Amino acid sequence: MARVDVEDRRFDTPKGIRRSPAFRGSGDNDRFGRFTEWVARGMGTPGFLVGLTVFAVGWMAWNTFASEPLRFDSIAIGFTALTLMLSLQASYAAPLILLAQNRQDDRDRVQIEQDRQRAERNLADTEYLAREVVALRLAVKDLASKDFIRAELRAALEELDRRDEEEATDHAPG
């Protein structure tokens, strides 16, 4: 009997075509997500903005005041290399920030679902307790009150007194 390859049992690819596994990094699927969140948190700090400003001012100062052979970006053409560097930084920053926001949205969605489930359980518990309180009120309403028991005991005592008087008159000589 021929051995069936695992890839040949997949129904989402034609038989005989092997799919290459997707890039997974070093085995930690969440590492890149944590990296994007780290980048997004870092870019939102005053330190990053100050650092980027110092970098840009330093770049422009070097290429303006340094001797001609040491300059690597020309002021005459508007610091093209600096513009390209900042554009490259922005082109990577935007998707990384969006990925971090998507991860946060996913966490928020899970939190909202958990809050909704917790609220449903709280509502069910509250409704159950309300039904129990009503049942206890009904049970207490059916219980004999102190006045009712006294009235019943008086009636029973009067009945016994009446019987005793009747027996005493029936057994009397005469």
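The shown structure was predicted, so the numbers you read here are calculated from the model rather than taken from an experiment.

## Points about the overall build of the chain
Link 1 in the chain: Scanning the chain from N- to C-terminus turns up four helices and zero strands.
Link 2 in the chain: Beginning at the N terminus, the succession of helices and strands in the chain can be written as α-α-α-α.
Link 3 in the chain: The proportion of buried residues among the 174 residues of the chain is 10%.
Link 4 in the chain: Summarising the internal contacts of the chain: among those between residues at least 6 apart in sequence, 44% fall at separations of at least 24.

## So, the packing of aromatic side chains
Link 1 in the chain: Per the counting criterion, the structure on display carries four aromatic pairs.
Link 2 in the chain: A ring pair is formed by phenylalanine 32 and phenylalanine 35, whose centres lie 6.2 Å apart and whose planes are at 35°; its orientation type is tilted. With phenylalanine 32 and phenylalanine 35 both in helix 1 (residues 31–43), this residue pair falls three residues apart, about one helical turn.
Link 3 in the chain: Judged by relative accessible area, which is 38%, phenylalanine 35 ranks as partly exposed.

## Considering the confidence of the model for the chain
Link 1 in the chain: On average, residues of the chain carry a pLDDT of 84, and 82% of them reach 70 or more.
Link 2 in the chain: In the model of the chain, helix 1 stands out as the element of lowest mean pLDDT, 88, in contrast to helix 2 (residues 46–65), which has the highest, 94.

## Details of a negative patch on the surface
Link 1 in the chain: On the surface, Glu158, Asp161, Asp164, Glu165, Glu167 and Asp170 cluster together into a patch of negative charge.
Link 2 in the chain: Among the secondary structure elements, aspartate 161 is positioned in helix 4 (residues 146–170).
Link 3 in the chain: You can call aspartate 161 partly exposed: its relative accessible area is 40%.

## Observations regarding the packing of helix 2 against helix 3 (residues 80–142)
Helix-helix packing is characterised by the crossing angle of the two axes and by the distance between the axes.
Link 1 in the chain: The interhelical angle for the contact between helix 2 and helix 3, taken along N-to-C directions, is 160°, at an axis separation of 10 Å. Taken together, helix 2 and helix 3 sit at an angle that is classed as roughly antiparallel. Classified by chirality, the crossing of helix 3 by helix 2 is right-handed. Residues Phe48, Leu52, Phe55, Ala56, Trp59 and Met60 of helix 2 touch helix 3, and the partners they reach there are Ala81, Leu82, Met85, Leu86 and Gln89.
Link 2 in the chain: A breakdown of the residues in the contact of helix 2 with helix 3 according to their chemical character gives ten nonpolar, one polar and no charged.

## Quick look at the pattern of salt bridges
Link 1 in the chain: In the structure shown here, the tally under the stated rule is twelve salt bridges.
Link 2 in the chain: The shortest N-O distance in the salt bridge between arginine 71 and glutamate 68 comes to 3.2 Å.
Link 3 in the chain: Under the relative-accessibility criterion, arginine 71 is labelled partly exposed at 29%.
Link 4 in the chain: Owing to a relative accessible area of 58%, glutamate 68 belongs among the exposed residues under this scheme.
Link 5 in the chain: The closest approach of N and O atoms between arginine 109 and aspartate 106, which form a salt bridge, is 2.4 Å. With arginine 109 and aspartate 106 both in helix 3, this residue pair falls three residues apart, about one helical turn.
Link 6 in the chain: By relative accessible area, which is 52% here, arginine 109 ends up exposed.
Link 7 in the chain: Taking the relative accessible area as the measure of exposure, aspartate 106 reaches 40% and is therefore partly exposed.
Link 8 in the chain: The network of salt bridges with common partners includes Asp30, Arg34, Glu37, Arg103 and Arg107.

Parameters at a glance
Residues numbered from 1 in each chain as written. Predicted model: local features only at pLDDT ≥ 70, side-chain atom pairs only at ≥ 80, totals over all residues. Heavy atoms only, no water. Helix = DSSP H or I, 4+ residues; strand = E, 2+ residues; numbered from the N terminus. Buried < 20%, exposed > 50% of the residue type's maximum accessible area, 1.4 Å probe, protein only. Contact = heavy atoms within 4.5 Å. Phe/Tyr/Trp six-rings, centres within 6.5 Å; stacked < 30°, edge-to-face > 60°. pLDDT = per-residue confidence, 0-100. Patch = residues over 30% accessible without salt bridge, like charges linked within 9 Å, V, L, I, M, F, W, Y side chains within 5 Å. Areas by Shrake-Rupley, 256 points an atom, 1.4 Å probe, with all protein chains shown as cover. Salt bridge = Lys/Arg side-chain N within 4 Å of Asp/Glu carboxyl O. Lys, Arg positive; Asp, Glu negative; His and termini not counted. Charge placed at Lys NZ, Arg CZ, Asp CG, Glu CD. Axes fitted to C-alpha atoms, helices over the stretch in contact; angles between N-to-C directions. Parallel < 35°, antiparallel > 145°, perpendicular 65-115°, else oblique. Left-handed = near helix turned anticlockwise from the far one by under 90°. Nonpolar A, V, L, I, M, F, W, Y, C, P; charged D, E, K, R; others polar.

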